[in-house]
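Per-entry structural report
Here is what each chain is made of, one letter per residue.
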Amino acid sequence: MPALTSTASTLVRTCARQQLPAVRASAAAMQKRSVTEVSNTSSFDSPFKGGTGASTTKIPNFGQYRNRGGETSNKVFQYFMVGSLGALSALGAKATVQDFLVNMSASADVLAQAKVEIDLASIPEGKNVIIKWRGKPVFIRHRTADEIKEAENTKWEALRDPQPDSDRVQKPEWLIMLGVCTHLGCVPIGEAGDFGGWFCPCHGSHYDVSGRVRKGPAPLNLEVPEYSFPEEEKVIIG
Ligand code: FES
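Residues numbered from 1 in each chain as written. Predicted model: local features only at pLDDT ≥ 70, side-chain atom pairs only at ≥ 80, totals over all residues. Heavy atoms only, no water.

**A closer look at the packing of aromatic side chains**
A complete count under the given rule lists three aromatic pairs for this structure. Their ring planes at 45 degrees and their centres at 6.3 Å tell us that Phe 62 and Tyr 65 sit as a pair that is tilted. Take Phe 62 and Tyr 65: they sit in the same class, and that class is exposed. Taking 5.8 Å as the distance between ring centres and 5 degrees as the angle between the ring planes, the aromatic pair formed by Phe 139 and Trp 198 counts as stacked. You can see Phe 139 sitting in strand E3 (residues 136-142) and its partner Trp 198 sitting in strand E6 (residues 196-200), a full 59 residues away along the chain. Residues Phe 139 and Trp 198 agree in their burial class; the two are buried. Across the ring face of Phe 229, the terminal group of Lys 171 is positioned such that the distance to the ring centre comes to 4.5 Å. (Phe/Tyr/Trp six-rings, centres within 6.5 Å; stacked < 30°, edge-to-face > 60°. Buried < 20%, exposed > 50% of the residue type's maximum accessible area, 1.4 Å probe, protein only. Helix = DSSP H or I, 4+ residues; strand = E, 2+ residues; numbered from the N terminus. Lys NZ or Arg CZ within 6 Å of the ring centre and 35° of its normal.)

**Structural notes on the state of the cysteines**
The full count for this structure, using the stated rule, is one disulfide. Put simply, Cys 186 and Cys 202 are joined by a disulfide, and their sulfur atoms are 1.9 Å apart. Between Cys 186 and Cys 202, the disulfide has an S-S torsion of -100 degrees and is therefore left-handed. With Cys 186 in the loop between strand E4 (174-178) and strand E5 (189-190) and Cys 202 in the loop between E6 and strand E7 (205-208), this pair connects stretches of sequence that are 16 residues apart. (Disulfide = S-S within 2.5 Å.)

**Re the side chain of His 142**
Position of His 142 relative to the elements: it lies in strand E3. By relative accessible area, His 142 is classed as buried at 14%. Residues within four places of His 142 in sequence aside, it is in contact with Ile 123, Pro 124, Glu 125, Gly 126, Lys 127, Glu 147, Glu 173 and Trp 174. (Contact = heavy atoms within 4.5 Å.)

**Focus on the sheet that holds strand E2 (residues 128-133)**
In a beta sheet, neighbouring strands are held together by backbone hydrogen bonds and run either parallel or antiparallel to one another. Reading across from one edge, E2-E3-E4 is the order of the three strands in this open sheet, with antiparallel pairing throughout. Each end of this open sheet is capped by a strand with a single partner; those strands are E2 and E4. The average undirected angle you get between the axes of adjacent strands in this sheet is 20 degrees. (Pairing = 2+ DSSP bridges. Axes fitted to C-alpha atoms, helices over the stretch in contact; angles between N-to-C directions.)

And the structure:
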């Protein structure tokens, strides 16, 4: 049996050797034919296929992607978009700011309190009236002729907060000022103290008949608010 197997193997090898040249020739022919077919049917034109002096730079043609309407129509569209977005943004910003300001502005009842009108005819000479304005007391004093004289003749240059009486009143007979002590904010008492004006009992500050500090820890004169006389017997504070 081994001898038979060996004989068969030798026979197969001999046949293969005899047919090898024919097989090689056939394979070469097939390869040549397929290369020829590919080169005839392929649309790809490689820039690297060689050739002496041939340019290797090949730029594709993008003509079919170009805008047919020209450069102007493109720019018009861009300007339109930029303008529209800008206008929309400006409108949004305006609405936001407007809402914010409306929310922050004072309501009608607060505005009503911003100014106070007082009838001066009801305040006799030599008397004080205290009214409330913006949550603070306001002193209105109808001064007598003697008080006016005393206030005007005081040597104000030497005072702690030097101020002439004429700078503190619009009409000499009407002294109008905030009733808040300039030390720590107590409400002074009228017609009291060493100078016949106001006295703050909290820490002992004395103010004269013009509301100027004359003694005690208060650093400044009583503050004069904004006011005007729209009529002879009327004052508007604020
Ligand atoms: S608060 Fe008026 S003297 Fe101090």
